[in-house]
Amino acid sequence: MDHHFVGIPELTGVPRVAVVIDVMRAFTVAAWAFSRGVERIVLASTESEALALKESRSGWLALKDGAPAAGFDAVNSPGLLRSCDFAGRTLVQKTTAGTVGALAVANAPLVLCASFVVAGPTALFLQTKASGPVTFVVTGEGGQADEDLACAEYIGQSMAGGDVEAAPYIHRARTSRAAADLAGGLRSGYHPDDVDLCLEIDRFSFAMMARQEESLTVLRPVAVPDIPSSIR
Ligand SMILES: O=C(O)[C@H](CS(=O)(=O)O)OP(=O)(O)O
Ligand SMILES: [Mg+2]
């Protein structure tokens, strides 16, 4: 399938199929949130919008990147999230790069949000359900973040079929600037396991699709058929 890679600043028009990549950490966190019982994630464009959305609905939770802050229930860390019980909850998420990228293509007919933990299911979903050119939105560092590029390239290769070895792509992500910053404690709202958790290939068996629901951009897990070994 034809595909290309763009940073958020380079986006023009509305892609037909958009796959928004944020490995560290928004869409690793989103997948972990679903695994902890979250029913849907509402993507917010600002922290104040996230808090306003949370306050407007009973039982909603809010998550932001950076340091913990008043009104927010969680931070953008898979290591800190993995012990939470969010069964049946709606989570509002606002981060620096991932949620911004998803909102920038929210009007596309098909929007998937992805990271290594859902790479295989995402590739399978694209292979079986999508047609037309795929635009990978590389959210970090204006489209240059190597952890996001590596993940996008891995999914791009995998959806084309054949046996794609994940190790070189994971290595690129492990040696990226974002990984070094996280491991070096330069990012707030951090757990020491975050880098490793962001580099787990196919930890989860679902893809994640964003759609418009009552004027909100809502991310939900979507089931995909069993992943054949050819795209692992
Ligand atoms: O929380 C993260 O890892 C980043 C925040 S920053 O870019 O390091 O300031 O947000 P994300 O949108 O998940 O890349
Ligand atoms: Mg990122």
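In case you missed it, the structure is sitting above this.
Quick caveat: nothing in here was measured; it's all calculated off a predicted structure. (Residues numbered from 1 in each chain as written. Chains lettered and ligands numbered in written order. Predicted model: local features only at pLDDT ≥ 70, side-chain atom pairs only at ≥ 80, totals over all residues. Heavy atoms only, no water.)

Draft legend 1. Up close: the coordination of the magnesium ion (ligand 2). Protein-derived coordination of the magnesium ion (ligand 2) comes from Asp22 (OD) and Met24 (O), at a distance range of 2.2 to 2.3 Å. Under the relative-accessibility criterion, Met24 is labelled buried at 5%. (Donors = N, O, S within 2.8 Å, 3.2 Å for Na, K, Ca; no water. Buried < 20%, exposed > 50% of the residue type's maximum accessible area, 1.4 Å probe, protein only.)

Draft legend 2. Layout of the sheet that holds strand E5 (residues 74-75). Read from one edge of the open sheet, 10 strands run E1-E8-E2-E7-E9-E10-E3-E6-E4-E5, paired in mixed fashion. Edge positions in the sheet fall to strand E1 (3-7) and E5, since each has one partner strand and no second. Alignment of strand E2 (residues 17-21) against strand E7 (residues 110-114), held across 5 bridges, turns out to be parallel. Counted as the bridge partner of Val19 is Leu112 from E7. This element, helix H2 (residues 47-56), spans strand E3 (40-43), strand E4 (61-64), strand E6 (90-94) and strand E10 (216-223) of the sheet and lies at about 170 degrees to E6. (Pairing = 2+ DSSP bridges. Helix = DSSP H or I, 4+ residues; strand = E, 2+ residues; numbered from the N terminus. Contact = heavy atoms within 4.5 Å. Axes fitted to C-alpha atoms, helices over the stretch in contact; angles between N-to-C directions.)

Draft legend 3. Layout of helix H1 (residues 26-35). Most of H1 sits out of view: 9 of its 10 residues are buried. Residues of H1 that are buried include every one of Ala26, Phe27, Thr28, Val29, Ala30, Ala31, Trp32, Ala33 and Phe34, and no others. Immediately downstream of H1, the backbone of Gly37 shows phi near 105 degrees, a positive value.

Draft legend 4. Here's a closer look at the site of ligand 1. Close to ligand 1 lie Asp22, Met24, Arg25, Ala26, Asp65, Asn76, Thr95, Thr96, Ala97, Gly98 and Arg187. In the model, an oxygen atom of ligand 1 is placed 2.8 Å from a nitrogen or oxygen of the Asn76 side chain. Between an oxygen atom of ligand 1 and a main-chain N or O atom of Gly98, the distance comes to 2.9 Å. In isolation ligand 1 has 370 Å² of accessible area, and contact with the protein removes 81% of it. Mapping ligand 1 onto the cavity grids shows that it belongs to the largest pocket. For the shell around ligand 1, a count of residues per class yields 3 nonpolar, 4 polar and 4 charged. (Near = heavy atom within 4 Å. Polar contact = N/O pair within 3.5 Å; in protein donor to acceptor, adjacent residues only side chain to side chain. Areas by Shrake-Rupley, 256 points an atom, 1.4 Å probe, with all protein chains shown as cover. 1 Å grid on protein atoms, 1.4 Å probe; cavity = no way out; pocket = protein on both sides within 12 Å on 5 of 7 lines; lining within 4 Å. Sits in = over half its atoms within 2 Å of the grid points. Nonpolar A, V, L, I, M, F, W, Y, C, P; charged D, E, K, R; others polar.)

Draft legend 5. How the structure looks around the pattern of salt bridges. Enumeration over the complete set of coordinates arrives at 11 salt bridges. Note that Arg40 is salt-bridged to Glu213, the shortest N-O span being 3.7 Å. Separated by 173 residues along the polypeptide, Arg40 in strand E3 and Glu213 in strand E9 (residues 206-213) bring together distant segments of the chain. On the basis of relative accessibility, which here comes to 23%, the residue Glu213 falls in the partly exposed class. Put simply, Glu200 and Arg203 hold a salt bridge, and the shortest N to O gap is 3.2 Å. Here Glu200 falls in the partly exposed class, since its relative accessible area comes to 25%. For Arg203, a relative accessible area of 42% translates into the label partly exposed. Where salt bridges share partners, they join Arg40, Glu213 and Arg220 into one cluster. (Salt bridge = Lys/Arg side-chain N within 4 Å of Asp/Glu carboxyl O.)

Draft legend 6. Just the packing of helix H5 (residues 119-129) against helix H6 (residues 146-159), in detail. Here H5 crosses H6 at 45 degrees, and the two axes come no closer than 8 Å. What the angle tells us is that H5 and H6 run oblique. With respect to the hand of their crossing, H5 and H6 are arranged in right-handed fashion. Across from Ala119, Thr122, Ala123, Leu126 and Gln127 in H5, the residues of H6 making contact are Tyr154, Ile155, Ser158 and Met159. (Parallel < 35°, antiparallel > 145°, perpendicular 65-115°, else oblique. Left-handed = near helix turned anticlockwise from the far one by under 90°.)

In short, shape yes, function no, at least from these values alone.
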